[in-house]
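Close look at the chain arrangement
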Amino acid sequence: MHLPDFKVARTNTKIAYETKQFHLDERYRNQYKGKTCYLRTYGCQMNEHDSENIKGILEEMGFSMIDDYEQADLIILNTCSIRENAHNKAFGFLGRVKHLKEIKPEIMVGLCGCMAQEEVVAKKILEDYPWLNFVIGTHNFYELPYVLDQSLQEHKLQIEVYSREKDLVEGMPIERDNPYKAYINIIYGCDKFCTYCIVPYTRGRQRSRAKEDIIAEVKSLVEAGYQEVTLLGQNVNAYGKDLYTDYSLAELLADVAKTNIPRIRFMTSHPWDFTDEMIEVIASYPNIMPSIHLPVQSGSSRVLKRMGRRYSREEYLTLFHKMKEKIARCTISTDIIVGFPGESEEDFQETLSLVKTCKFDNAFTFIYSPRVGTPAAKLTDNLTKEEKEKRLHILNQLVNQYFLENNQKLVNTVLPVLIEGKFPKKEDSYFGYTDTNKLVNVSGNVKEGSIVPVLITDAKTWSLDGKVYNG
Ligand code: SAH
Ligand code: SF4
Ligand code: F3S
């Protein structure tokens, strides 16, 4: 039993780690042949990508994946801690699983992901959900075969969570969700410690993957026919800082571009680490997509300071304008939090005025959610729930207006679209994304997985309509 400890998770000392190869002990291979597993994933792309590895491991253990949890022999929740509602969703689902376990006591149930790293969650599980088989952390989810086996042998709950990062594991089996687009981890963890955010506690300190491993993975995806890779990290712009003195995201992007994979994306970018060299590389390679997710969080320098974001409103705007100027047709999306403790009406108005300046192409907007153990959770929260909801509503109306206006400007232009799928029951009707990351409903006869020119015929807030353009 290893329980999470936030005091340890918070420490900033570097831990020596090794890069190891994944190894499945032969006794676990096909151990569960004929059994089924239902895996439910919450949270960000990082978690979705971890789930692709978890599925890969489960398949080597003999499980086949199914979509109906009521029929599954094993149920796993890969959880997220970022806001209170992510917690509530996972515990809500565990409540339903509890009923099922009462009827079918032989089913196995496990929880992994960011919630597993939280002290409060471990305590709650020990008290209220002792019937779970296992809880396994983000740093060691590849130990799943061993931990599940232990729980079955000992007939009791195993909690195996490490508060700080462990070794970097290469060569994990993977079952990718999408046959055309792939996620690739380039950096794990986060060292930024924004005062509201739980991620540094749940994902450990920054660790970059070796450039050779990343390039080799991209090359194998090119060979397998993939059209797009997204380089993943909580802060991809810090790539390499912990590993190299002369190799950063700029060099990595250039090297990935040289593999000739048709489309490269990356996320998430912290404005603080975004250098001019990175902007130049993005601008100069046609296969690096002109679309950047650049979370601002607030338009008020006073709030940004209290959030620990390490840039001011002015610095963000300078970077934003530089990107727009240097990278042709570049779209920029963002994340914004309203109702951070102490956010005054004036601060909120500054966020609105920043949105009016930037006219974002997409924005994910949130009400601040206090996370136990983070510094902001100790700040006095002076706003009522109604006031926060009102601010979110006003902000959403404004951002939506710009989504639509930006989309309307694209009508009658021809854009390249990666066709990702077909609408069921509709003849010649597909969907895909432009290079600038806009969702398009495409009519015409096309091949899934191809990149085709599309004439945009109509614009909506969240998507475009278009037809295949034949010149
Ligand atoms: N690493 C990324 C963000 C990852 S979390 C970055 O720094 O940009 C995704 C988004 O969730 C954040 O950008 C932030 O807007 C939001 N978020 C994080 N913690 C939150 C909290 N406690 N309450 C509300 N929103 C939060
Ligand atoms: Fe959280 Fe900030 Fe790290 Fe992003 S950069 S994951 S918001 S601490
Ligand atoms: Fe959630 Fe963890 Fe991602 S907290 S947003 S799943 S890094």
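Before any of the text, the structure's been laid out above.
Residues numbered from 1 in each chain as written. Chains lettered and ligands numbered in written order. Predicted model: local features only at pLDDT ≥ 70, side-chain atom pairs only at ≥ 80, totals over all residues. Heavy atoms only, no water.

1. A closer look at helix H7 (residues 211-223)
- Under the 1.5 Å per step criterion, the end-to-end length of H7 is 18 Å for 13 residues, consistent within 8% with the ideal 18 Å.
- The set of residues buried in H7 consists of Ile-214, Ile-215, Glu-217, Val-218 and Leu-221. Angularly, the buried residues of H7 cover 160 degrees about the axis, an arc narrow enough to put them on a single face. Facing away from the buried surface of H7 by more than 90 degrees, the exposed residues are Glu-212 and Glu-223.
- The inward-facing, buried residues of H7 abut strand S9 (181-185), strand S12 (228-232) and helix H8 (249-257).
- Just past H7, the residue Gly-225 takes up positive phi, approximately 95 degrees. (Helix = DSSP H or I, 4+ residues; strand = E, 2+ residues; numbered from the N terminus. Expected span 1.5 Å × (residues − 1). Buried < 20%, exposed > 50% of the residue type's maximum accessible area, 1.4 Å probe, protein only. Arc of directions from axis to C-beta. Contact = heavy atoms within 4.5 Å.)

2. Considering unusual backbone geometry
- Met-267 connects to Thr-268 through a cis peptide bond whose omega is 5 degrees.
- The backbone of Asn-30 shows a phi angle near 60 degrees, a positive value even though the residue is not glycine.
- Tracing the sequence through the fold places Asn-30 in the loop between strand S1 (19-21) and strand S2 (36-41).
- Even without being glycine, Asn-437 reaches a positive phi, approximately 70 degrees.
- Structurally, Asn-437 can be placed in the loop between strand S18 (429-434) and strand S19 (439-443).
- When its relative accessible area of 39% is taken as the criterion, Asn-437 is described as partly exposed.

3. Topic: a negative patch on the surface
- A grouping of Asp-246, Glu-251, Glu-277 and Glu-280 is seen on the molecular surface, where their side chains present a negatively charged patch.
- Position of Asp-246 among the secondary structure elements: in the loop between S12 and H8.
- By relative accessible area, which is 60% here, Asp-246 ends up exposed. (Patch = residues over 30% accessible without salt bridge, like charges linked within 9 Å, V, L, I, M, F, W, Y side chains within 5 Å. Areas by Shrake-Rupley, 256 points an atom, 1.4 Å probe, with all protein chains shown as cover. Salt bridge = Lys/Arg side-chain N within 4 Å of Asp/Glu carboxyl O. Lys, Arg positive; Asp, Glu negative; His and termini not counted. Charge placed at Lys NZ, Arg CZ, Asp CG, Glu CD.)

4. Considerations on the nonpolar core
- In this structure, Ile-186, Leu-231, Leu-252, Phe-274 and Tyr-316 are the most contacted members of the largest nonpolar core, which totals 70 residues.
- Per element, the largest residue contribution to this core is seven residues, and it comes from H8.
- If we skip the residues at most four places from it in the chain, Leu-231 touches Ile-184, Ile-186, Val-236, Leu-252, Leu-253, Val-256, Ile-264, Arg-265, Phe-266 and Met-267.
- Counting 28 residues, the second-largest nonpolar core is a separate cluster that includes Tyr-38, Cys-80, Leu-94 and Val-97. (Core = buried A, V, L, I, M, F, W, Y, C linked by side-chain atoms within 4.5 Å.)

5. Details of the site of ligand 1
- Looking at ligand 1, there are 15 residues lining it, with Gln-234, Pro-295, Gln-297, Asp-335 and Ser-369 nearest.
- A distance of 3.0 Å separates a nitrogen atom of ligand 1 from a polar atom in the backbone of Tyr-196.
- Secondary structure elements with two or more residues in the shell around ligand 1: strand S15 (331-338) and strand S16 (362-367).
- Of the residues that constitute the shell around ligand 1, the class distribution is seven nonpolar, four polar and four charged. (Near = heavy atom within 4 Å. Polar contact = N/O pair within 3.5 Å; in protein donor to acceptor, adjacent residues only side chain to side chain. Nonpolar A, V, L, I, M, F, W, Y, C, P; charged D, E, K, R; others polar.)

6. Structural notes on the packing of helix H9 (residues 276-284) against helix H11 (residues 313-326)
- Where H9 contacts H11, the two axes come as close as 10 Å, and the packing angle between them is 25 degrees. Judged on the interaxial angle alone, H11 and H9 are roughly parallel. As H9 packs across H11, the resulting crossing turns out to be right-handed. Between H9 and H11, the residues in contact are Asp-276, Ile-279 and Ala-283 and Leu-319, Lys-322, Met-323 and Lys-326, respectively.
- The residue inventory of the contact of H9 with H11, partitioned by class, reads four nonpolar, no polar and three charged. (Axes fitted to C-alpha atoms, helices over the stretch in contact; angles between N-to-C directions. Parallel < 35°, antiparallel > 145°, perpendicular 65-115°, else oblique. Left-handed = near helix turned anticlockwise from the far one by under 90°.)

7. Some words on the sheet that holds strand S17 (residues 414-422)
- Pairing is mixed around the closed barrel formed by five strands, whose spatial order is S17-S18-S19-S21-S20. Across the sheet, the axes of successive neighbouring strands diverge by a mean angle of 50 degrees, strand direction being ignored.
- Sheet topology note: the S17/S18 ladder contains five bridges and is antiparallel. The residue bridging Lys-422 from the neighbouring strand is Tyr-430, located in S18. (Pairing = 2+ DSSP bridges.)

8. Looking at the sheet that holds S12
- If you trace the three strands from one edge of the open sheet to the other, you get S9-S12-S13, paired in parallel fashion. Looking at the sheet topology across the chains shown, the edges are occupied by S9 and strand S13 (263-267). Between one strand and the next, the sheet's axes are offset by a mean angle of 25 degrees, whatever the strand orientation.
- Pairing between S12 and S13: five bridges, direction parallel. From the neighbouring strand, Leu-232 faces S13, where its bridge partner is Met-267.
- In this fold helix H2 (residues 45-60) packs onto S9, S12 and S13, with an angle of close to 100 degrees to the strand it touches most, S9.

9. Some details on helix H13 (residues 385-408)
- Compared with an ideal rise of 1.5 Å per residue, which puts 24 residues at 34 Å, H13 spans 35 Å between its outermost C-alpha atoms and is within 8% of the ideal.
- Buried within H13 are the following residues: Glu-387, Lys-388, Arg-391, Leu-392, Leu-395, Leu-398, Val-399, Tyr-402, Phe-403, Asn-406 and Asn-407.
- Buried residues along H13 sit in contact with S15, helix H12 (345-358), S16, strand S20 (451-459) and strand S21 (464-468).

10. Some thoughts on the site of ligand 3
- Around ligand 3, the surrounding shell consists of Cys-44, Asn-47, Cys-80, Ser-81, Ile-82, Cys-114, Arg-203 and Gln-234.
- Grouping the constituent residues of the shell around ligand 3 by class yields four nonpolar, three polar and one charged.

11. Quick word on a nonpolar patch on the surface
- A surface patch of nonpolar side chains, amounting to about 290 Å² of accessible area, comprises Met-1, Leu-3 and Leu-126.
- Mapped onto the elements, Met-1 comes out in the segment before helix H1 (6-9).

12. Notes on the environment of Ser-51
- In this fold, Ser-51 is placed in helix H2.
- Judged by relative accessible area, Ser-51 falls into the buried class, the value being 2%.

13. Examining the pairing of S16
- Taken together, the six bridges between S15 and S16 define a ladder with parallel strand orientation. Its bridge partner lying in S16, Ile-336 is registered against Thr-365.

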